[in-house]
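Examining the three-dimensional arrangement
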Amino acid sequence: MLKKNAYTKRSKALVWRETVSAYLFLLPALIFFIGFVIVPMVLCLVTSFFNYTMNDYSFVGFSNYFEMFRDPVFKKAFWNTVVIVVVSVPTVTAFSLWVGSAIYQVNAVSRSFFRCIFYLPVVTGTVAVAVVWKWMFNKYTGLFNYALTHMGVIDNNISWLGDEKFALWCIILILFTTSIGQPIVLYVAALGNVDNSLVEAAEVDGATHLQSFWKIKWPSIMPTTLYILVITTINSFQCYALIQLLTSGGPNHSTDTIMYYIYYQAFKLNRYGYGNAMGVILAIIIAAFSALQFKMAKSGNED
Amino acid sequence: MKSKDAISRSVQKTGPYKVLSMVILVALAVLFIFPVYWIITGSFKDAAAINAVNPEWFPKSPTTDNFVRLFKNPALHWLLNSVFISVAAMGLTCITAAMAGYALAKKRFIGKTLVFSIFICAMALPKQVVLIPLLKEMSFLKLHDSMLAVILPTVGWPFGVFLMKQFSETIPTEMLEAVRVDGANELQTFIQIVLPIVKPGIGALAIFTFISSWNDYFLQLIMLNSKKNLTISLGIAKLQAEMSNDFGLIMAGAALGAVPIIATFLMFQKYFTQGITMGSVKG
Amino acid sequence: MKKALALVLAGTTVVCSLAGCGSSAKTEATAAPAAETTAAQAAAETAAGAAGTESPAADITLWTYPIGSFKDADTVNGFIASFNEKYPDIHVNVEYLDYTSGDDQVTAAIEAGTTPDVIMEGPERLVSNWGAKGKMVDLADLWDDDASKDIAATSEAIVAACKSPDGIYYEYPLCMTTHCMAINYELFEKADALQYINEDRTWTTENFGKALKALKDSGVDTTGVVYCGGQGGDQGTRALAMNLYSAQFTDADHTKWTMNSDAGLKGLTQLVDWTKDGSLSYDAGAVASDELQLFANGTTAMTFCWNASNEANYASSVAFTPYAVAFPSDDGKPELCGGIWGFGIFDNGDAAKIDASKIFIDYLCDDETQGPVSVKSTGFFPVRASFGNAYAGTEDEERMAVYSTFMPYLSDYYNVTAGWAEQRTAWWNLLQQIFGGTDVKTATDEYVAACDAATAAAK
């Protein structure tokens, strides 16, 4: 409050000077942002009203949008995307928090050990991870079938990535292993910084472990949680490389996501206008989702 | 005495929980190590061992043949390209994001809410959404098939700005006021005060940007088409496309490709695994 | 300057053709811009042929899909080196595409205006995709009388496949093959199933069914895998489903998709029945390359994705005898899908580059010594009848002789039907659906409706 008063007392000239210097600091980022995000986004919006293909560019109004809502594959892709995000974001966040709190107090060596282990899939690179999992999921020479048949869990080999019941979950599993490294590292660091005297004091007062966690630790790691929510969301929306390398959206569209379907329409069928229309819708959804996340984290923080 | 009792009680209470959680952790660790173990051992296996229906847990007759075949391709050149792209994207992102983040966190200016809201809304946007327009733009700028076509859009993505804004919130305003009174100009303030404080944030951002630009193989695929510009991710994807079951060769490529990312991680991790403190969430 | 040069060259051509030393057909061009091209090219040929002095200068780019050894830099560089002995001033830069991401790269290049000059692939891309969308150059002057007759002598279907419905040639073909299947000879022998295969390597659907049963009885766990995890090698699954009851994939004019005919449904239903009783397997997580690997390991007793080039590739890595056979067919007369590979030129608006590209294609395909060498490097057969048996006297002769017996079964090249790209995805999704339990007729009707809609939209 005090700060705000100080500001209002300043003269207009000072505010003006501050604005200029702020924009000078923002300038480099804004140039890149406007040049390579905003401009393409506007182009995307404009071309979504055209039957824009490799050899046509005629205005069609909203017909790409109407088509989208009638397109059964788009619907399927939409729900798959929702499933991936809704499942993976909370799981990754909760799980990394659990791992983080389980290892932040152990001795330094095992802490480093676990941190590195969970970071391994991140540093291996998406393409390499996709290839090795494809091999492990292989119906005939894959490890999963070998292990499960030998343990007697299943009788016949399963085509993990070729079965509608499993394919999407396999993708989510791989996504999970590649998303969790960063959050764990961050949580370990954040939990390490929580003022321990507060926790001890609370526990002396008879608070359970769980209580002291929710009352003391959770609020102070909230900014980290927000950051983790954001990167996990980004990762989940971008899992499309896995889909392209592993299933091409199959079997029977059960792993199609909007991102993959946009790619398919644009690059395989050259229907850029239609792809861009889906892109616009996706962008709106993601923007709303990000804003919502931010709002929620903000209000949670102010409690 | 009373307090000691309480502490020991709480330790005892959490005993079984700790054991259980350790067991789960170790089990999960296996799940995480295994793919990497499989890549490394796979890169030393011959074709028969790779395709064996009964998995060969450790290469019985290890061979370096996969690496020999990998290096028949210009794999080091690919690696170099990837490193160049990722380092350039990382450097530019860190600089621009640190400056912008500082301004958004610590300055009051006209249009601040608007600018920040747009950054927030765009930060999780996947690049697939704008690939075709981006392609057209690069073609217009005569940058298609140059590494800049991959670097520039990566730098433009606003996630870094958001992150650096969060970190910059932790800078004590009094400190900034103090140096200003001492007559330091804006640039000096930024370099001498701001940068050292947000260093952990820059470390985190550096790793994040490096890895995501390293992995963004589809952007590389459509922006680069001559072999002099090929990257390691593209190279491995190409090897996989042509010889989809030559896992030995692909694993060798994967193992090679992981080295620079691990190096980057080790280089920057100390910045943010030590004193990471994120600023509180402000709009 | 360019015009002047062209005039001089054109003059030379006229003189040469009068003297009877030019290739006469090539000077009979019609349209004005084409005349310039043709003249320049023919002249360059004669000039270079005569003295090797005046070679046109240009930098051109060639992109190849992995067709035989055209994916191999050593081979292609060798070809370019010998080309440069004749035309030292045409510099050829090569990039190698793969079938997984190649199309994306070409699409990106078209949109960014960075397409190569020459590209090597088949009619479904050169003619019915990029050609139909106006991105390619008319190759009429390469298709002179001599070439047309020579290629038609091999098969009229090849000539038809290389031109658009309105008669413009977008591909100049080099080689061709028929896709077939192969069996593991030893496994069949052990199962006493060789009796079901005729001497001419054809078999009937009934006998194929018996062979599957015999294999199962002899302890082969996975006889064959109908792969449908993507579009890679989908010609094999199409041919399998079509041939079982002699269905047609499209109508004769390539305007409608026809796998929902009685014969088509019967074939698809038969496949589903076989997978249900375990005589065959399906894998919606595999594409042809995965299936081939299983075959090469000896895990499966047959592959549905085979041709001369595959045998050459896998020859060293298999511990059994891969034995090529035709697809089983109810009447014993298979119709095999063909592959026709050749070159097309992207219209980059630079006449000099287009001319140089034509010279390069002409050299690779028609040069007396280089032509057969190019064909052999693909591991397929020449489209030109005059090349005769390109493999005569080589170590490949015996192997190739087997595959040449399949040539008479070459079927209509339906891959040029509009809406092809949509169809390819719809096809593997159709297979995934019917193997997953969807009613065959319902799923196939839907598939045909979707493909027909795509065909109509593309017109």
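These numbers were taken from a predicted model, which means no experiment stands behind them.

Observations concerning the environment of Thr149(A)
All names here are of chain A.
- Looking at the secondary structure, you find Thr149 in helix 7 (residues 143–150).
- Residue Thr149 is classed as partly exposed on the basis of its relative accessible area, which comes to 25%.
- For Thr149, the contacting residues outside a window of four places in its chain are Ile154, Asp155, Asn156 and Asn157.
- At a separation of 2.5 Å, a polar atom in the side chain of Thr149 contacts the main-chain carbonyl oxygen of Asn145.
- There is a polar contact of 3.2 Å between the side chain of Thr149 and the backbone oxygen of Tyr146.

Details of the sheet that holds strand 8 (residues 302–306) of chain C
Residue and element names in this part refer to chain C.
- With respect to topology, 3 strands assemble into an open sheet ordered 8-5-9, the strand pairing being antiparallel. The sheet is open, and its two borders are formed by strand 8 and strand 9 (322–325), each paired with just one other strand. Strand-to-strand twist in this sheet, taken as the mean axis angle between neighbours without regard to direction, amounts to 35°.
- Looking at chain direction, strand 5 (residues 180–184) and strand 8 are connected through 3 bridges and run antiparallel. Pairing of Ile183 across the sheet is with Met302, part of strand 8.

Overview of the interface of chain B and chain C
- At the junction of the two partners, chain B supplies 17 residues and chain C supplies 22 residues.
- Summed over both sides, the interface of chain B with chain C buries roughly 1800 Å², with 50% coming from carbon and sulfur.
- Here chain B and chain C share 2 salt bridges between them.
- Across the salt bridge formed by Asp98(C) and Lys238(B), the nearest N and O atoms sit 3.7 Å from each other.
- Joining chain B to chain C, the criterion identifies 6 residue pairs in polar contact (both at pLDDT 80 or more).
- Breaking the side of chain B that touches chain C down by element, the ones donating at least two residues are helix 6 (131–140), helix 11 (217–223) and helix 12 (232–242) of chain B.
- Considered class by class, the residues forming the side of chain B that touches chain C number 6 nonpolar, 7 polar and 4 charged.

Remarks on the interface of chain B and chain A
- Contacts between chain B and chain A engage 111 residues on the former and 100 residues on the latter.
- In total, about 9700 Å² of surface goes out of reach between chain B and chain A, with carbon and sulfur atoms giving 77% of it.
- At the junction of chain B with chain A, the criterion picks out 0 salt bridges.
- The interface formed by chain B and chain A holds 6 residue pairs in polar contact (both at pLDDT 80 or more) in total.
- Here the side of chain B that touches chain A takes 19 residues from helix 1 (residues 2–42) of chain B, the largest share from any one element.
- Within the side of chain B that touches chain A, the residues separate by chemical class into 78 nonpolar, 23 polar and 10 charged.

Here we look at unusual backbone geometry
- Here the phi dihedral of Asn270(A) falls at roughly 60°; this positive angle occurs in a residue that is not glycine.
- Residue classification places Asn270(A) among the buried residues on the basis of a relative accessible area of 2%.
- Positive phi outside glycine occurs at Asp145(B), with the angle close to 65°.
- Asp145(B) gets classed as buried once you look at its relative accessible area, which sits at 19%.

Some thoughts on the domain arrangement of chain C
All names here are of chain C.
- According to the domain assignment, chain C contains domain 1 (2–176 + 339–398) and domain 2 (180–335 + 418–458).
- Across the boundary between the two partners, domain 1 contributes 7 residues, which contact 6 residues of domain 2.
- Each partner contributes to the roughly 490 Å² buried at the junction of domain 1 and domain 2, and carbon and sulfur atoms together form 51% of this total.
- The largest per-residue losses of area from domain 1 upon contact with domain 2 belong to Glu124, Gly379 and Phe380, which jointly make up 52% of the total buried on that side.
- On inspection of domain 1 and its partner domain 2, the count reaches 0 salt bridges.
- Where domain 1 packs against domain 2, one counts 1 residue pair in polar contact (both at pLDDT 80 or more).
- Of the residues contributing to the side of domain 1 that touches domain 2, the split by class is 1 nonpolar, 3 polar and 3 charged.

Description of the packing of helix 11 (residues 209–220) of chain A against helix 12 (residues 222–237) of chain A
All names here are of chain A.
- Contact geometry for helix 11 and helix 12: axes closest at 4 Å, N-to-C directions at 60°. Compared by their axis directions, helix 11 and helix 12 come out oblique. Residues Trp218, Pro219 and Ser220 of helix 11 lie in contact with helix 12, whose contacting residues are Met222, Pro223 and Thr225.
- Partitioned by chemical class, the residues of the contact of helix 11 with helix 12 number 4 nonpolar, 2 polar and no charged.

Some points on a nonpolar patch on the surface
- Together, Val15(A), Trp16(A), Val20(A), Leu24(A), Leu27(A), Ile31(A) and Ile110(B) make up a nonpolar patch on the protein surface, roughly 690 Å² of accessible area in all.
- Tracing the sequence through the fold places Ile31(A) in helix 2 (residues 12–47).

Things to note about empty space enclosed by the protein
- The final tally for this structure, using the stated rule, is 9 cavities of 30 Å³ or more.
- Every residue lining the largest cavity is counted, 35 residues in all, and those nearest its centre are Ile234(A), Asn235(A), Gln238(A), Ser212(B) and Asn215(B).
- Secondary structure elements with two or more residues in the lining of the largest cavity: helix 5 (108–124), helix 8 (167–179), helix 12 and helix 13 (240–246) of chain A together with helix 8 (159–168), helix 10 (186–215) and helix 11 of chain B.
- Here the element with the most residues in the lining of the largest cavity is helix 10 of chain B; it accounts for 8 residues.
- Here the residues of the lining of the largest cavity sort into 18 nonpolar, 15 polar and 2 charged.
- Of the voids in this model, the second largest cavity is the one considered here, and its volume is about 190 Å³.
- Taken together, 19 residues form the lining of the second largest cavity, with Asn138(A), Lys139(A), Asp283(C), Gly285(C) and Asp290(C) sitting closest to its centre.
- When residues of the lining of the second largest cavity are traced back to their parent elements, those giving at least two are helix 6 (126–137) of chain A together with helix 13 (288–297) of chain C.
- Per-element tally for the lining of the second largest cavity: the top contributor is helix 13 of chain C, with 4 residues.

A word on the pattern of salt bridges
- Under the counting rule described, the total for this entry stands at 23 salt bridges over all chains.
- A salt bridge links Glu186(B) to Lys107(B), with the nearest nitrogen and oxygen atoms 3.1 Å apart. In this pair, Glu186(B) sits in helix 10 while Lys107(B) sits in the loop between helix 4 (75–106) and helix 5 (112–122), placing the two residues 79 residues apart along the sequence.
- Linking Lys441(C) and Asp445(C) is a salt bridge whose minimum nitrogen-to-oxygen distance equals 2.9 Å. Remark: Asp445(C) and Lys441(C) occur in helix 19 (residues 440–458); sequence separation between them is 4 residues, near one turn of the helix.
- For Lys441(C), a relative accessible area of 44% gives the class partly exposed.
- Overall, the relative accessible area of 27% leaves Asp445(C) in the partly exposed class.
- The network of salt bridges with shared partners includes Asp146(C), Asp150(C), Asp366(C) and Arg384(C).

Here we look at the pairing of strand 10 (residues 338–345) of chain C
Residue and element names in this part refer to chain C.
- Across the 8 residues of strand 10, 8 count as buried, placing the element largely inside the fold.
- Where strand 3 (residues 118–121) and strand 10 come together, 4 bridges link them in antiparallel fashion. Counterpart to Glu121 in the pairing with strand 10 is Gly342.

Overview of the sheet that holds strand 1 (residues 58–64) of chain C
Residues and elements named next belong to chain C.
- Pairing is mixed across the open sheet formed by 6 strands, whose spatial order is 2-1-3-10-4-11. Looking along the sheet, the strands with just one partner apiece sit at the ends: strand 2 (90–96) and strand 11 (381–382).
- Across the sheet, helix 15 (residues 351–366) touches strand 1, strand 2, strand 3, strand 4 (172–178) and strand 10, and the angle it forms with strand 1 is around 55°.

Some thoughts on the side chain of Asn64(A)
Residues and elements named next belong to chain A.
- Of note, Asn64 is situated in helix 3 (residues 63–70).
- Taking relative accessible area as the criterion, Asn64 reaches 3% and is therefore assigned buried.
- Within the local environment of Asn64, its side chain forms a polar contact with the backbone oxygen of Ser48, the two atoms lying 2.9 Å apart.
- Not counting residues up to four positions away in its chain, the partners in contact with Asn64 are Ser48, Phe50, Arg271, Gly273, Tyr274 and Ala277.

Remarks on the packing of aromatic side chains
- The tally for this structure, following the rule as stated, stands at 74 aromatic pairs over all chains.
- Arranged with centres 5.5 Å apart and planes meeting at 85°, the rings of Phe267(A) and Phe218(B) form a pair that is edge-to-face. On the criterion of chain membership, the pair formed by Phe267(A) in helix 14 (residues 258–268) and Phe218(B) in helix 11 is interchain, its members lying in two chains.
- Given a relative accessible area of 2%, Phe267(A) falls into the buried group.
- Judged by centre distance (4.6 Å) and plane angle (40°), the rings of Phe159(B) and Phe208(B) are tilted. With a gap of 49 residues between them, Phe159(B) in helix 8 and Phe208(B) in helix 10 connect regions that are remote in the sequence. Assigned by exposure class, Phe159(B) and Phe208(B) land together as buried.

The rules behind each value
- Residues numbered from 1 in each chain as written.
- Chains lettered and ligands numbered in written order.
- Predicted model: local features only at pLDDT ≥ 70, side-chain atom pairs only at ≥ 80, totals over all residues.
- Heavy atoms only, no water.
- Helix = DSSP H or I, 4+ residues; strand = E, 2+ residues; numbered from the N terminus.
- Buried < 20%, exposed > 50% of the residue type's maximum accessible area, 1.4 Å probe, protein only.
- Contact = heavy atoms within 4.5 Å.
- Polar contact = N/O pair within 3.5 Å; in protein donor to acceptor, adjacent residues only side chain to side chain.
- Pairing = 2+ DSSP bridges.
- Axes fitted to C-alpha atoms, helices over the stretch in contact; angles between N-to-C directions.
- Buried area = accessible area lost by both parts, 1.4 Å probe.
- Salt bridge = Lys/Arg side-chain N within 4 Å of Asp/Glu carboxyl O.
- Nonpolar A, V, L, I, M, F, W, Y, C, P; charged D, E, K, R; others polar.
- Domains from an automatic or database assignment.
- Parallel < 35°, antiparallel > 145°, perpendicular 65-115°, else oblique.
- Patch = residues over 30% accessible without salt bridge, like charges linked within 9 Å, V, L, I, M, F, W, Y side chains within 5 Å.
- Areas by Shrake-Rupley, 256 points an atom, 1.4 Å probe, with all protein chains shown as cover.
- 1 Å grid on protein atoms, 1.4 Å probe; cavity = no way out; pocket = protein on both sides within 12 Å on 5 of 7 lines; lining within 4 Å.
- Points joined across faces, edges and corners; volume = space filled by probe spheres on them.
- Phe/Tyr/Trp six-rings, centres within 6.5 Å; stacked < 30°, edge-to-face > 60°.

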